[in-house]
Every structure is written in structure tokens, then in C-alpha cells.
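# Close look at the chain arrangement
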Amino acid sequence: MPSTADSPRPESALEELRHDPSSRKRFLRMAGGGSAAVALSLALAACGGKKKSGGGNQIGGAGVGTADFGQGDVGILNYALTLEYLEADLYRAAVATGKLSGRLLELAKRFGAEEQAHVTTLEGTVRGLGGKPASRPKPRFALASRAQILTTLSQVEDVGASAYLGQVDRIQSKAVLAAALAIHTVEARHAAVLGAMLGQPVSPQGAFARPATSVDVLQQVQGFLSG
Amino acid sequence: MTTRATPGLDGVQVRGMTRSAFLLRGALAAGGLYGAGAVAPFVGRAFGAGGGGDIAILNFALTLEHVESDFYKKAVAVKGLPPELASVLHQISGHEDAHVQQLTQTIQQLGATPSPAPKTSFPALRGAAAVLRIAVALEDAGVGAYNGAAPRIQSPALLAAAGSIVHVEGRHAGALRELAGKFPAPGAFDKSLTQAEATAAVKPYVTG
């Protein structure tokens, strides 16, 4: 197994969890479930103080954080499914406000349908792997105006796209990886168009996009999930 | 580990692609993420593990990047485009140039010779529609090429890097399609392309 110690990213989320108890508690509360908490604690304990080397899949089966959603690829898929539930519900709520019109309304309907397709596929894939789909969160959104809706949609799509990017090197099944990639670039398409409506660059991070760890992602969507 | 079928994946194409294209993109992206100097060691390991035609694949990817880079150099020179389109083309042009530069450096760091830039030729770019037609085709093909090749990448670090680039390709494609009056994504799942299909997509613009 080649070392990837020169790649700084995989360790960072674990380090954060290990050294920041409040972050760990918040994460566990968001992810919900005592057994999941036990699983993550075991994964953290197994790491001890050792400097980790090697791929993200060596910890908790699915890498930092997503082990809380299940082992290995099932955990990653359920993590993704949780975000897709959030996105699908957000688009549904946004359309239902009646505050959108024109192209943004058209896009919200279309993107929402695409997110729902992701939900269906991920649920089926989790079951196909012998797992149980993640429980659907009951998110709350503040959608008082067109501007607030657009900002929220843009933010959630940016996070979602970065979240997939953060998992691509942790997925073990090539079929699951292909599916994740096929979804990832659709999220990136969504993110770019919504960002453009807010006057943002096509790719705010430039020629090379940065991945997001599950810890970062869950912190960014915490406000929707904990309401 | 279960070996059961995954019915949820039925709608997703899993096509074989050469992993060379992935390695190329990955190496390029890794250089951008961690600095060109940091990329050489793990790229070298990945190539050692992957064997054979990785350099050739890197060079194939470089060729594709050159085509894109050439196109946007011409596109940004087109007069009278709507300001928003002109701005997007300028941004994308910079990204493609960065990909070419990083890829070239990576191949050199691996002790190989980068393929020379191909000779390209594009139809007269008269107006936004003509520019967008080719831009959308190139970007959608780029997304498909990366997504098709990535599952064959063996190094997690290179795979992450390839993901970093295809993410940006996806953003390009989405923004351009929106400007072209299309839905940003052709469907809920992006289709992958084989290397042959990706080559065919740029072939009309390569003259030598």
C-alpha cells in the first residue's frame, strides 16, 4: 500500500474530531443514533495517536465521518443520500413558496427532479449493497424571499458538489464510484449556474476544485438539519 | 462483502475507459492542488503501480486540454459577444491553460516528453451561438471523458485529483449550457465516455 502522507487531506477531519470534543458531539448528534456513535468512537480509538498513513478507507471502512452512516461504501452512500434528501426537500420547499418565477423557477423544478432521481438511485444502491438507507432528515429552511432562496440553493449545491468530491477517493466499488462521479458533475453543473445568478465566478476555487470532508459538510448544513 | 447486484445503478453508465486519461488529469490536478513540486513523488508511485501506458494516457489528456485551450483562445477573441458570455469564456480559458501547464509539467517531472500541441482548426466563430455550440460540446465531452476514466484510477490521490478537475469541467459545462439556453445538465446522471468517444468528440477540430 503506497503511502499518501504527502496528501494532507485525509487526516485532517479525523484530527479535528479527535481534538475538538464539541465538534465530535455536534457531529454525533447530527448524525444521530447511539450505535453510530459507538461505531465512530471505536474508529477514533482504533486510530489512537498514531499518524495515519494510507488511504481514507483504512479508517472506519469508509473514511472519517461517513462511518457514522454505515461501513464502507454503504456509509459513503448514506452520507450522500442524507445530503440528497436535504437538496430534494429544499427544492420542493423553494418551489412551494411561490416566490420564484421565470428561469429560476424553471431551474428549481428541474434541479429538484434531478436531486430526487439521485435520492431514488442512492436508496436503491444502498439496498443493493445489503444496507439500510439513511433515515430522512426533517430539515428546516428560511426561504422568505427570492434572494434568500437563491442564496440557500447556491450554498447547498456548492456544499453538495464538494462533498461528493471529498469522497471519490474513498469509494471501493468501481460501480459505486462511477455512480458518485455521474452525480458529482451534475451537482457541479447546478452549483455553477446558481452561483452565476449571484454574480459568482464559474469556478470560485479556480482551475482545481477543493474537496470537502464530511465534517466540514455536516457543519455547513447543520443549520438546516438541527432546526 | 455482498456480491448482489446494485439495481440502483442501472441507470448509470459504467463504461470502460483507459485509466491513462485519469492519471493524466489526476496528476495535473494534484499539481494544482498541492503545488507542482509536491506532485512528482506520488505520481511516480502511482505510475510505478500502474505500469505501462500511463505516460501515453497523460499525453492523450494533454492533447485534449490543448484542443480546449486553443478553442478558448479563439473564442475570447470573438468580438461583440454578450458581456456575460465573454466573461465566462475568459474564466474558462484561464482554467484550461492551467490544466495544460500543469499536465505538461507533470509529464516532464515523470521524465517523459509531453506531446506537442496538436494543430487545431475551428469553424468561423461568428456570434454567440457558434461559440457556444463548440464550447458546450467540448465541455460535455470533457466531463464524460473524466467520468468514464476515473473508476480505473488506482491511486486514491490521483483519483481525488481527477475529481478535482472534472468538478471544474462540470461547472464549465453547466454554465455554458445555461448561456446556450439549455438545461445545465442533460440528465440527472452524467454519462461517461470511452477514450475513443472522447477522441471522436474533438476530432473535428484536430487537423494534425
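The shown structure was predicted, so the numbers you read here are calculated from the model rather than taken from an experiment. (Residues numbered from 1 in each chain as written. Chains lettered and ligands numbered in written order. Predicted model: local features only at pLDDT ≥ 70, side-chain atom pairs only at ≥ 80, totals over all residues. Heavy atoms only, no water.)

## Some thoughts on the overall build of chain B
Note the threshold: Going along the chain from the N terminus, every DSSP run of H or I of four or more residues is numbered as a helix, and every run of E of two or more is numbered as a strand. Think of it in three bands: with a 1.4 Å probe and only protein chains considered, a residue is buried below 20% of the maximum accessible area for its type, exposed above 50%, and partly exposed in between. A contact between two residues is defined here by any heavy atoms of the two lying within 4.5 Å. Using a 1.4 Å probe, accessible areas were evaluated by the Shrake-Rupley method; residue-level cover was limited to the displayed protein chains.
Regarding its fold elements, chain B presents 7 helices and 0 strands. Ordered by position from N to C terminus, the α and β elements of chain B give α-α-α-α-α-α-α. Here chain B holds 208 residues, and the buried ones make up 56% of them. Considering only intrachain contacts with a sequence separation of at least 6, the fraction spanning at least 24 residues in chain B is 84%. Counting every atom, chain B has about 7900 Å² of accessible surface; 57% of that belongs to carbon and sulfur.

## Quick look at the overall build of chain A
Assigned secondary structure in chain A consists of 8 helices and 0 strands. Within chain A, buried positions represent 59% of all 227 residues. Long-range contacts, defined as pairs at least 24 residues apart, comprise 78% of the intrachain contacts of chain A with a sequence gap of at least 6.

## So, the pattern of salt bridges
To keep it simple, the criterion reads: Whenever Lys or Arg places a side-chain nitrogen within 4 Å of a carboxyl oxygen from Asp or Glu, that contact is recorded as a salt bridge.
This structure, assessed with the given rule, holds 10 salt bridges over all chains. The partner of Arg136 of chain A in a salt bridge is Asp89 of chain A, with the nearest N and O atoms 2.8 Å apart. Of this pair, Arg136 of chain A sits in the loop between helix 5 (102-128) and helix 6 (146-167) while Asp89 of chain A sits in helix 4 (residues 72-96), and the two are 47 residues apart along the sequence. The partly exposed category is assigned to Arg136 of chain A, whose relative accessible area is 36%. With its nearest N and O atoms 2.9 Å apart, the salt bridge here joins Arg189 of chain A to Asp140 of chain B. Of this pair, Arg189 of chain A sits in helix 7 (residues 174-197) while Asp140 of chain B sits in helix 5 (residues 128-149), placing the two residues on different chains. Judged by its relative accessible area of 1%, Arg189 of chain A is buried. Each of Arg189 of chain A together with Asp140, Arg177 and Asp190 of chain B takes part in salt bridges that share partners, so that together they form one network.

## A short note on the confidence of the model for chain A
Interpretation of the predicted coordinates at a detailed level should be avoided for regions scoring low in pLDDT. To be explicit about the condition: Note: pLDDT gives the predictor's confidence per residue, expressed from 0 to 100.
Considering every residue of chain A, the mean pLDDT works out to 77; 71% of them sit at 70 or more. Overall, residues 1-63 of chain A carries pLDDT values under 50, and its contacts beyond four positions in sequence, including any with other chains, amount to 94 contacts.

## Focus on the packing of helix 5 of chain A against helix 7 of chain A
Residues and elements named next belong to chain A. Condition: The angle between two axes is taken between their N-to-C directions and runs from 0 to 180 degrees, where each axis is a line fitted to C-alpha atoms and a helix contributes only its stretch in contact. If an angle is under 35 degrees, it is roughly parallel; if it is over 145, roughly antiparallel; if it lies from 65 to 115, roughly perpendicular; otherwise it is oblique. Helix crossings are classified by the rotation of the near helix relative to the far one: an anticlockwise turn of less than a right angle makes the crossing left-handed, while a clockwise turn makes it right-handed. Gly is put with the polar residues, along with every residue not named as nonpolar or charged; the nonpolar set is Ala, Val, Leu, Ile, Met, Phe, Trp, Tyr, Cys and Pro, and the charged set is Asp, Glu, Lys and Arg.
Running from amino to carboxyl end, helix 5 crosses helix 7 at an angle of 165°, the nearest separation of the two axes being 12 Å. In terms of orientation, helix 5 and helix 7 fall into the roughly antiparallel class. Seen from above, helix 5 lies across helix 7 with left-handed handedness. Seen from helix 5, the contacting residues are Arg103, Leu104, Leu107, Phe111, Glu114, Glu115, His118, Leu122 and Thr125; seen from helix 7, they are Val176, Ile183, Val186, Glu187, His190, Val193, Leu194 and Met197. When grouped by side-chain class, the residues that make up the contact of helix 5 with helix 7 number 10 nonpolar, 3 polar and 4 charged.

## As for helix 5 of chain B
Here is the rule: How far a helix is expected to stretch is found by multiplying one less than its residue total by 1.5 Å.
Counted at 1.5 Å a residue, the expected span for helix 5 of chain B with its 22 residues is 32 Å, and the 31 Å between its end C-alpha atoms agrees. Of all 22 residues in helix 5 of chain B, 16 are buried, a share of seventy percent or more.

## Some remarks on the packing of aromatic side chains
Just so we agree on the cut-off: The rule is short: rings of Phe, Tyr and Trp, with Trp giving its six-membered ring, pair when the centres are within 6.5 Å, and they are stacked under 30 degrees, edge-to-face over 60, tilted in between.
A complete count under the given rule lists 6 aromatic pairs over all chains for this structure. Judged by centre distance (5.9 Å) and plane angle (55°), the ring pair of Phe69 of chain A and Tyr79 of chain A falls under tilted. Residue Phe69 of chain A is located in the loop between helix 3 (34-47) and helix 4, and its partner Tyr79 of chain A is located in helix 4; the two are separated by 10 residues in the primary sequence. Their ring planes at 75° and their centres at 5.1 Å tell us that Phe71 of chain B and Tyr72 of chain B sit as a pair that is edge-to-face. For Phe71 of chain B, a relative accessible area of 0% puts it in the buried group. For Tyr72 of chain B, a relative accessible area of 0% puts it in the buried group. Three or more aromatic residues link up through ring pairs in this structure, and these residues are Phe71, Tyr72, Phe122 and Tyr205 of chain B.

## Here we look at the confidence of the model for chain B
Residue and element names in this part refer to chain B. Per-residue confidence for chain B gives a mean pLDDT of 75; residues scoring 70 or more make up 71%. Across chain B, the secondary-structure element scoring lowest on mean pLDDT is helix 2 (residues 36-50), at 32, and the one scoring highest is helix 5, at 92. Counted against residues more than four places away or in other chains, residues 1-53, with its pLDDT under 50, gives 160 contacts. As a predicted assembly, this complex carries a pTM of 0.75 together with an ipTM value of 0.76.

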